[in-house]
Amino acid sequence: MRLDNEKPSDNIEDRRGQGGGGGFNIPGGGGRRVNIPMGGRGGGFSVSTIILLVIAYFAIKLIFGIDLLQVINGGGLAPTGQGTEITLPGGDTQVTNADDTAGTGGGVTTTDVTTDAGRDFVARVLGSTERVWGKVFQDMGKTYEQPKLVLFSGFVQSACGTAQSAMGPFYCPGDHKVYIDLSFYQDMKNKLGAPGDFAQAYVIAHEVGHHIQNILGIADKVQQARMRADDATSNQLSVRMELQADCLAGIWGQEAGAANMLEQGDIEEALNAAAAIGDDRLQKKSQGYVVEDSFTHGSSEQRMRWFKRGLEARALGDCDTFSTDQL
Ligand SMILES: [Zn+2]
């Protein structure tokens, strides 16, 4: 990707170091208390309790494929439901110390997230989404209200509750912010087999897609419908939301192409990433089998297809995933 000509966005909130690591307060000597920001739960836990909880959490996640944090948050990292990005439900996808010293190889550029090149990259990608969506909204006679993007490490507080890195990037409709721990990019490359800077940019564009759904009122309507629906229907609505966000990311990608940001292989990178985070692929990886009714984001094939649809879209309506039988 070529982002040199893209103006970095001013809407970056850098909260790295304030989350997981920064939240720990261990005074020397006696009372070793660790305070973890727990979204209003308050209270401190002893270090051993924390370690036991963490071990139990990952054991349950690994063995049963149940993400307790999702359960605790009631699927409601975002209380309003959609927009929540549990992109990494797999038991093997927690963020560990992704030790990425290997070269990028294969001509694929992956942004170095260990330096502030990561921040600069994200700021430029966000800047490009502002430019693209600003224009689309202007054409509709509206003003685009830009989202903020929060960089965090470990844990983060949002209007949607407390989130941790392992859940992957997400958008919170309540505060109109996109949240991302840049270590997710290492996971994409090392654990999901989805390297590449355009793949990384697609992730941001997808979250911005959820922002678009939010400010257009789509998110609200879908949330209302989901509350009245049974589980299978509710999941289906979630899939439609996610595929629409992929399609909206495609519209951004189309503009990226027009602005000469794309290099050879970039589109393939993003399509590969879309496939890598398909529900079927992730479920197979984490539990060995696929339960279609439980899909919340769409299959690999669907995610690729809707991103592609966005790349070729002529109008926003081309991304209407709600009134089609051909999901
Ligand atoms: Zn999403």
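Residues numbered from 1 in each chain as written. Predicted model: local features only at pLDDT ≥ 70, side-chain atom pairs only at ≥ 80, totals over all residues. Heavy atoms only, no water.

## A short note on the sheet that holds strand β1 (residues 12–14)
Consideration 1: In space, the four strands of this open sheet follow the order β1-β4-β8-β7, with mixed pairing throughout. The outermost strands of the open sheet, each flanked by one partner alone, are β1 and β7 (170–172). If you compare each strand with its neighbour and ignore which way they point, the axes differ by 25° on average.
Consideration 2: In this sheet, strand β8 (residues 177–180) lies alongside β7 in antiparallel orientation, the contact comprising three bridges. Each residue of the ladder has a partner; that of C172, found in β8, is K177. (Pairing = 2+ DSSP bridges. Helix = DSSP H or I, 4+ residues; strand = E, 2+ residues; numbered from the N terminus. Axes fitted to C-alpha atoms, helices over the stretch in contact; angles between N-to-C directions.)

## What to know about the confidence of the model for the protein
Consideration 1: Of all residues in the protein, 70% have pLDDT values of 70 or greater, and the mean over the chain is 80.
Consideration 2: Note on residues 21–45: pLDDT under 50 across the span, and 37 contacts to partners over four residues away in sequence or across chains.
Consideration 3: Contacts for the low-pLDDT stretch residues 86–106, under 50 throughout, to residues beyond four places or in other chains number 51 contacts. (pLDDT = per-residue confidence, 0-100. Contact = heavy atoms within 4.5 Å.)

## Here we look at the environment of G278
Consideration 1: Looking at the element boundaries, G278 is found in the loop between α9 (266–276) and α10 (279–287).
Consideration 2: Placed 24 residues apart in sequence, G278 and Q302 show a C-alpha to C-alpha distance of 7.9 Å.
Consideration 3: In contact with G278, other than residues within four places in its own chain, are G298, S299, S300 and R303.

## Here we look at the nonpolar core
Consideration 1: Membership of the largest hydrophobic core comes to 56 residues, with the highest contact counts inside it found for V122, W133, L149, Y185, M188, Y202 and W252.
Consideration 2: Going through the elements one at a time, α4 (117–139), β4 (148–151), β8, α5 (183–190), α6 (197–215), α8 (231–258), α9 and α11 (300–312) are the ones with two or more residues in this core.
Consideration 3: Among the elements that take part in this core, α6 stands out by supplying nine residues, more than any other.
Consideration 4: Ignoring sequence-local partners within four residues, the contact set of Y202 consists of D246, A249, W252, A270, A273, A274, I277, R303 and F307.
Consideration 5: Counting residues in each nonpolar core, the second largest holds nine residues, with V150, F152, C160 and Y179 among its members. (Core = buried A, V, L, I, M, F, W, Y, C linked by side-chain atoms within 4.5 Å. Buried < 20%, exposed > 50% of the residue type's maximum accessible area, 1.4 Å probe, protein only.)

## Digging into the pairing of strand β5 (residues 155–158)
In the case of a regular strand, side chains alternate between the two sheet surfaces.
Consideration 1: Taking every second residue as pointing to the same face, the buried face of β5 carries V156 and S158, while none of F155 and Q157 on the other face is buried.
Consideration 2: The sheet contact formed by β5 and strand β6 (residues 161–164) spans four bridges and is antiparallel. When the bridges of β6 are listed, S158 appears paired with G161.
Consideration 3: Where β5 hands over to β6, the hairpin turn is made up of two residues, counted between the paired strands.

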